[in-house]
Amino acid sequence: SGWVVRKGQKIRITGSGRISLGGGRFSSPSGIMSLPDSDKLIKDQPTGGLIAVIGDDNNDFIFIGTDREFVAARDGALFLGVNEGNLNDNSGAFDIKIEISPEGN
């Protein structure tokens, strides 16, 4: 995302649009619950949905979907991605809006 966040900052991410997951399947940021994928990063969330993580050494992925607000649990770069195991056949991009509040606000 190009953003570095600090622990305690409130972050709101909204997503829209759609991406191709390959094989003629398309997904909005909310993902597709009925599409199985045993390799996706967040097992109990919809395949193809918008996800985030803070830090490049962290596996505490956060499901964003079309709209999510959360408080950063650590310092680090904010990464956005797709909840799918095979990204090689994906194309397109979600339209994303990121709002970051100062710590304690």
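Presented here is a report on the structure given in the accompanying data block. (Residues numbered from 1 in each chain as written. Predicted model: local features only at pLDDT ≥ 70, side-chain atom pairs only at ≥ 80, totals over all residues. Heavy atoms only, no water.)

**Let's talk about the sheet that holds strand β8 (residues 76–82)**
- Taken in spatial order, the 4 strands make up an open sheet running β1-β8-β5-β6, and their pairing is antiparallel. Two strands in the sheet have a free side with no partner beyond their single neighbour: β1 (3–5) and β6 (62–63).
- For β1 and β8, the ladder comprises 3 bridges, and the chain directions are antiparallel. Bridge pairing in β8 links Val 5 to Gly 76. (Pairing = 2+ DSSP bridges. Helix = DSSP H or I, 4+ residues; strand = E, 2+ residues; numbered from the N terminus.)

**A short note on the sheet that holds strand β3 (residues 19–22)**
- Strands sit in the order β4-β3-β9 across an open sheet of 3 strands; the sheet is antiparallel. Of all the strands in the sheet, the pair left with one neighbour each is β4 (25–27) and β9 (91–92).
- With 2 bridges connecting them, β3 and β9 associate as antiparallel partners. Pairing of Ile 19 across the sheet is with Gly 92, part of β9.

**Notes on the pairing of strand β5 (residues 50–54)**
- Within β5, 5 of the 5 residues are buried, leaving the element largely enclosed by the surrounding structure.
- Burial of β5 is two-sided: the residues Leu 50, Ala 52 and Ile 54 facing one way and the residues Ile 51 and Val 53 facing the other way are all buried.
- Looking at chain direction, β5 and β8 are connected through 5 bridges and run antiparallel. Counted as the bridge partner of Ile 54 is Leu 78 from β8.
- With 2 bridges connecting them, β5 and β6 associate as antiparallel partners. Its bridge partner lying in β6, Ala 52 is registered against Ile 62. (Buried < 20%, exposed > 50% of the residue type's maximum accessible area, 1.4 Å probe, protein only.)

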